[in-house]
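Commentary on secondary and tertiary structure
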Amino acid sequence: MKTIQLPLKEEDIRNLHAGDAVLLNGTIYTARDAAHKKLVEMIENHEPLPFDLHGATIYYVGPTPARSGQVIGSSGPTTSSRMDPYVKTLAECGMKGMIGKGRRSDEVKQAIKDHEMIYFVCAGGVGALLSHCIIKREMVAFEELLAEAVTKLEVKDFPCFVGCDIDGNDIYDLEEEA
Amino acid sequence: MKEINVNQITEAIASMAADIACIYDPAVFSAIQKASSNERDEKSKTVMDMLLKNAEIAQKERIPLCQDTGLMIVWLHVGQDVHFVGGNINEAVNEGVRKGYTENYLRASSVDDPLYDRKNTKDNTPAILYTDFIEGDHVEIEVMAKGFGSENKSALKMLTPADGEEGVKKFVLETIKNAGPNACPPFVVGVGIGGTFDLCAKLSKEAMLRSIDHSNPDPRYKALEDTLLEEANALKIGPMGFHGATTALKIQIKQAPTHIAGLPVAVNICCHVCRHAKKVIS
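Residues numbered from 1 in each chain as written. Chains lettered and ligands numbered in written order. Predicted model: local features only at pLDDT ≥ 70, side-chain atom pairs only at ≥ 80, totals over all residues. Heavy atoms only, no water.

Assigned secondary structure in chain B consists of eight helices and ten strands. Taking 282 residues into account, the globule formula puts the C-alpha radius of gyration at 19 Å, and chain B, at 19 Å, falls close to it. Principal axes of the C-alpha set define a box for chain B whose edges measure 55 × 50 × 40 Å. In chain B, once contacts between residues fewer than 6 apart in sequence are set aside, the share between residues at least 24 apart is 81%. Only carbon and sulfur atoms are counted for the fraction: they give 53% of the accessible area of chain B, which is about 12,100 Å². (Helix = DSSP H or I, 4+ residues; strand = E, 2+ residues; numbered from the N terminus. Rg over C-alpha atoms; globule rule 2.2 N^0.38 Å. Contact = heavy atoms within 4.5 Å. Areas by Shrake-Rupley, 256 points an atom, 1.4 Å probe, with all protein chains shown as cover.)

All right, on to the pattern of salt bridges then. A side chain with one charge can pair with a side chain of the opposite charge if their charged atoms come near. Residues and elements named next belong to chain B. As enumerated under the stated definition, the model contains 37 salt bridges over all chains in all. One salt bridge in this structure joins Asp68 and Arg107, with 3.5 Å as the shortest N-O distance. A residue pair is termed long-range when its members are at least 10 positions apart, and Asp68 in the loop between helix H3 (42-61) and strand S2 (71-79) and Arg107 in the loop between helix H4 (89-103) and strand S4 (128-134) qualify at 39 residues. Since its relative accessible area comes to 13%, Asp68 is described here as buried. Looking at Arg107, the relative accessible area reads 8%, which means it is buried. The partner of Lys169 in a salt bridge is Glu231, with the nearest N and O atoms 3.8 Å apart. Taken together, the residues Lys169 in helix H6 (residues 164-179) and Glu231 in helix H8 (residues 219-234) connect sequence positions 62 residues apart. Judged by relative accessible area, which is 31%, Glu231 ranks as partly exposed. (Salt bridge = Lys/Arg side-chain N within 4 Å of Asp/Glu carboxyl O. Buried < 20%, exposed > 50% of the residue type's maximum accessible area, 1.4 Å probe, protein only.)

Residues and elements named next belong to chain B. For the pair helix H1 (residues 6-22) and H4, interaxial distance at closest approach is 7 Å and the crossing angle is 30 degrees. Classified by the interaxial angle, the pair formed by H1 and H4 is roughly parallel. With respect to the hand of their crossing, H1 and H4 are arranged in right-handed fashion. Judged by residue contacts, Val6, Ile9, Thr10, Glu11, Ile13, Ala14 and Ala17 of H1 engage Ile89, Ala92, Val93, Glu95, Gly96, Val97, Lys99, Gly100 and Tyr101 from H4. (Axes fitted to C-alpha atoms, helices over the stretch in contact; angles between N-to-C directions. Parallel < 35°, antiparallel > 145°, perpendicular 65-115°, else oblique. Left-handed = near helix turned anticlockwise from the far one by under 90°.)

Moving on, we come to the pairing of strand S7 (residues 150-164) of chain A. Residue and element names in this part refer to chain A. Where strand S2 (residues 21-30) meets S7, nine bridges bridge the pair, whose relative direction is antiparallel. Counterpart to Gly26 in the pairing with S7 is Val155. Two strands pair when backbone bridges link them, and strand S6 (residues 134-141) and S7 are joined in this way by six bridges, in the antiparallel orientation. Bridge pairing links Lys136 to Glu154 in S7. (Pairing = 2+ DSSP bridges.)

Across all of its chains, the model carries zero disulfides over all chains by this definition. Of all cysteine sulfurs, the one in Cys160 of chain A lies closest to Cys164 of chain A, which takes part in no disulfide; the gap is 13 Å. Residue class for Cys164 of chain A comes out buried when judged on its relative accessible area of 3%. This cysteine, Cys66 of chain B, is not joined by any disulfide, and Cys271 of chain B carries the nearest cysteine sulfur, 6.1 Å off. (Disulfide = S-S within 2.5 Å.)

Our next topic: the sheet that holds strand S10 (residues 275-281) of chain B. Each strand in a sheet pairs with another by means of backbone hydrogen bonds, the pair being arranged parallel or else antiparallel. Residue and element names in this part refer to chain B. Taken in spatial order, the four strands line up as S4-S2-S5-S10 in an open sheet, and their pairing is mixed. Strands at the two margins of the open sheet, each flanked by one partner only, are S4 and S10. Across this sheet, the average inter-strand angle for adjacent strands is 15 degrees, counted without regard to direction. The sheet strands contacting H1 are S2, strand S5 (139-146) and S10, and the helix crosses S10 at an angle near 150 degrees.

Before going further, it helps to examine the interface of chain A and chain B. Contact with chain A, which involves 43 residues of that partner, is made by 38 residues of chain B. Together chain A and chain B conceal approximately 3,300 Å² of surface at their shared face, both sides included; 59% is due to carbon and sulfur atoms. Across the contact surface, chain A and chain B share zero salt bridges. For the pair chain A and chain B, the interface holds 17 residue pairs in polar contact (both at pLDDT 80 or more). Sort the elements by how many residues they give to the side of chain A that touches chain B and helix H5 (residues 127-131) of chain A lands first, with four residues. (Buried area = accessible area lost by both parts, 1.4 Å probe. Polar contact = N/O pair within 3.5 Å; in protein donor to acceptor, adjacent residues only side chain to side chain.)

Written as structure tokens, this is what we have:
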């Protein structure tokens, strides 16, 4: 198990391999379908973005509302492939990490190589467990999108696996372990 | 004639919505425990243990098992001697969903228009409502909270009678394979066979209302469920797609009469958080 401090450093990205179990610590931003559409439109229109994408890690999540006293509600990953069409544009703006679940397109895997990024996967359907690893949450943009709003999260020992690495390896294509 | 106040329907739906979001169906939970103890692959074992730990936290702290608390599908089986009083029954159903979701911190995941506006309705309404009539003076309410990671990987095909059992098996396994890691395996899979294009899809969903410790009452369909389960697990998709032992926890088939020219088959994929409940109002 490797512990990774975010934002991702170049040497971390080079040393992470598909299948590695990692614990993420530091800042991540949440964005899913509707927020990606808006971010890419803003980039295309040369508008200022609500947060700095340079070095950023984006988590594909739409949490449930928090009860009083909770930082966040249930907050597991959503299916990453729906965000595939937006990855190249965000990568060109400096995004370095993505967290979600499921397979990525060949185009995304190419962008991961070209822009030296990492795709992390975490288990789906364990949102209650993962909520315990999120220690701080701030609204960043698109509050009207409710669960789909962009928020800034502070994570502590957030459990993931490396899904796709810069050498083109994919966790879902690895052989079964003995 | 028995009078039933629609508020009872509202309250029943709200309380079932709250419970199924945070508490695994006991039969599903036992199946996950069993699958976890059978798992040898290291990553898959890690995932299965996370599912069990997640269940414990969700139930204890009333945090939903999954952030996708789903669209709510409601079946009202209405006794033919029932007279609803106290308001509009359709509105009472939606009020149950509204109350269940907004008062219990469940996610509003419904958009008003599918193609253009896509504006969140903020209270997870409208419910998808199916009604039918039964004998008696009571109402049976069944609910399912269906997430879309798995719904998106579901499929329907109009086979022909010549395709037969082999055709059905091929299509079910293809659909499971295509669902792959994206739809959060281990799955519960609902299979509808027969009816029309629309009924077949509904059958596939209703098949999953049956508890996973029960099989199709017809021994031929039960045998098909068992064979499909074995073959689904042989696909080695495994928990979260890490190639472990359990790809599916159960295959549930529901069949219905169909046309002489047809053999419709629908495959409704559900993730391991297979959420449904039933209440009887009398």
